[in-house]
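Observations on the model geometry
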Amino acid sequence: MSLLVLAAAQAGHLSFADLHLSPVAVDLGIFKIRWYSLAYIAGILVGWWYLTRLVQQPGAPMTREHADDFVFYATLGIILGGRIIYVIFYDPWMLATPLQVFKLWDGGMSFHGGALGVVIAIWWLARRNGLSMIRVLDYVACCSPFGLFFGRIANFVNGELWGRVTDVSWAIIFPSADAGPYPRHPSQLYEAGLEGIVLFAILAYLFWRTQARYKPGLLLGVFLVGYGAARFFVEFFREPDVQLGILSWGLSMGQTLSAPMIIVGAWFIVTAEKRRVRVEPIAGDASVS
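Rules of the game
- Residues numbered from 1 in each chain as written.
- Predicted model: local features only at pLDDT ≥ 70, side-chain atom pairs only at ≥ 80, totals over all residues.
- Heavy atoms only, no water.
- Helix = DSSP H or I, 4+ residues; strand = E, 2+ residues; numbered from the N terminus.
- Buried < 20%, exposed > 50% of the residue type's maximum accessible area, 1.4 Å probe, protein only.
- Contact = heavy atoms within 4.5 Å.
- Phe/Tyr/Trp six-rings, centres within 6.5 Å; stacked < 30°, edge-to-face > 60°.
- Salt bridge = Lys/Arg side-chain N within 4 Å of Asp/Glu carboxyl O.
- Axes fitted to C-alpha atoms, helices over the stretch in contact; angles between N-to-C directions.
- Parallel < 35°, antiparallel > 145°, perpendicular 65-115°, else oblique.
- Left-handed = near helix turned anticlockwise from the far one by under 90°.
- Nonpolar A, V, L, I, M, F, W, Y, C, P; charged D, E, K, R; others polar.
- Pairing = 2+ DSSP bridges.
- pLDDT = per-residue confidence, 0-100.
- Core = buried A, V, L, I, M, F, W, Y, C linked by side-chain atoms within 4.5 Å.

All right, on to the overall build of the protein chain then. The helix and strand inventory of the protein chain stands at eight helices and five strands. In sequence order, the secondary structure elements of the protein chain are arranged as α-β-β-β-α-α-α-α-β-β-α-α-α. Across the 289 residues in the protein chain, those meeting the buried criterion constitute 44%. Restricting to contacts in the protein chain with at least 6 residues of sequence separation, those with at least 24 account for 69%.

In structure tokens:
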């Protein structure tokens, strides 16, 4: 390992400081708007816009009004679920200074927690309006890559969640004291590409070019397997969380939380054909031939 570090350090890799990126998008003196916050806002707004396009297609499981209501509940679920799960699994020591838990602008959100919050939001929406929860999940899954993409780009701009030491030509030297003066994988960009762009392309193809949306759970399953596999893979290039490291069973926390997603997603895919439904012209109405 020491030889790799030495070779990488002498290879003239790009320094993150040379990119002139700042975590603050707008500085008004007493008030600052950070890219991290804007990433969440962009993910929610673009995802909302795309969801309204999806529900306009034949056989949608909900109406435009349902989609509008969902965004409010989902926003709460993303923020609360993402932060709570992050604190519990990634940084429980934060509870020693409880006020730190509320400083969302400093970063520290778990996708797995945010996903759980969205599931709870969908359950609430479906229960109140008599909708098919699993079919709503299918549609929301198609929109989720937007948030993942913007979130990972914000991680990169913040210079956080960097990768492991490497000597590849595209490695970057990040400014964090924990990162050291060594070139590292820009794993944030790997995740943005796989979890955002690639996963969106796969889901978009299945939705617009196949009958996948009429097989409840198929799109959800593809999303879970796709995200879980991408995250599990990238974790081999991403530096484990400093406060956790590699867990005693040989996996990082990200891999540990992703493994169940892959298993559950595979089950949804395998069983989707059995749940196939006929087209419902209006959400909540009886199916027609």
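Before going further, it helps to spend a moment on the packing of aromatic side chains. Under the counting rule described, the total for this entry stands at 17 aromatic pairs. Ring geometry for Trp123 versus Trp124: centroids 6.3 Å apart, planes at 45°, classification tilted. Residue classification places Trp123 among the partly exposed residues on the basis of a relative accessible area of 42%. Given a relative accessible area of 33%, Trp124 falls into the partly exposed group.

Attention now moves to the pattern of salt bridges. For the structure shown, the criterion picks out nine salt bridges. Between Arg152 and Glu195 there is a salt bridge, with its nearest N and O atoms 3.4 Å apart. Residue Arg152 is found in helix H5 (residues 133-158), and its partner Glu195 is found in helix H6 (residues 187-209); the two are separated by 43 residues along the sequence. For the pair Arg152 and Glu195, a shared accessibility class is recorded, and that class is buried. Put simply, Arg231 and Glu191 hold a salt bridge, and the shortest N to O gap is 3.8 Å. Note that Arg231 is positioned in helix H7 (residues 218-234) and Glu191 in helix H6, a separation of 40 residues in sequence. Here Arg231 falls in the buried class, since its relative accessible area comes to 3%. Take Glu191: its relative accessible area is 1%, and that puts it in the buried class.

Before going further, it helps to spend a moment on the packing of helix H2 (residues 35-54) against H5. Helices that pack against each other are described as a pair by the angle of their axes relative to one another and the distance between those axes. Where H2 meets H5, the axes come as close as 8 Å, and the angle between the chain directions of the two elements is 160°. As judged from the angle between their axes, H2 and H5 are roughly antiparallel. In this structure, the crossing between H2 and H5 has a hand that is right-handed. Only Tyr139, Cys142, Cys143, Phe146, Gly147, Phe150, Gly151, Ala154, Asn155, Val157 and Asn158 of H5 make contact with H2, whose side of the interface consists of Trp35, Tyr36, Ala39, Ala42, Gly43, Val46, Gly47, Tyr50, Leu51 and Leu54. In the contact of H2 with H5, the residues fall into 15 nonpolar, six polar and no charged.

By the bridge criterion, three bridges tie strand S2 (residues 24-27) to strand S3 (residues 32-34) in an arrangement that is antiparallel. Across the sheet, residue Val24 finds its bridge partner in S3, namely Arg34. The antiparallel pairing of S2 with S3 creates a hairpin that spans four residues between the two strands, and Gly29 there sits at a positive phi of about 85°.

Residues at a pLDDT of 70 or more form 85% of the protein chain, whose mean pLDDT is 85. Scored below 50 in pLDDT, residues 1-6 shows six contacts in the model against residues more than four places distant or in partner chains.

Below, the discussion takes up the sheet that holds strand S1 (residues 14-15). What holds strands together in a sheet is hydrogen bonding between their backbones, with the strands either parallel or antiparallel. On the basis of which strands lie adjacent, the open sheet formed by three strands has the order S1-S4-S5 and mixed pairing. The open sheet is flanked by S1 and strand S5 (183-184), the only strands paired with a single partner.

Apart from glycine, the bulk of residues carry a negative phi angle, and the bulk of peptide bonds sit in the trans form. The residue His20 is not glycine, and still its phi comes out positive at about 55°. Within the secondary structure layout, His20 lies in the loop between S1 and S2. For His20, a relative accessible area of 70% translates into the label exposed.

Grouped together as the largest cluster of nonpolar side chains are 39 residues, with contacts concentrated most on Leu51, Met62, Phe70, Tyr139 and Phe223. Listing elements by their share of this core, those giving two or more residues are H2, helix H3 (64-90), helix H4 (111-129), H5, H6, H7 and helix H8 (253-271). The biggest single contributor to this core is H5, with nine residues. The contact partners of Tyr139, leaving out residues within four places of it in the chain, are Leu51, Leu54, Val55, Pro58, Gly59, Ala60, Pro61, Met62, Phe207 and Arg213.

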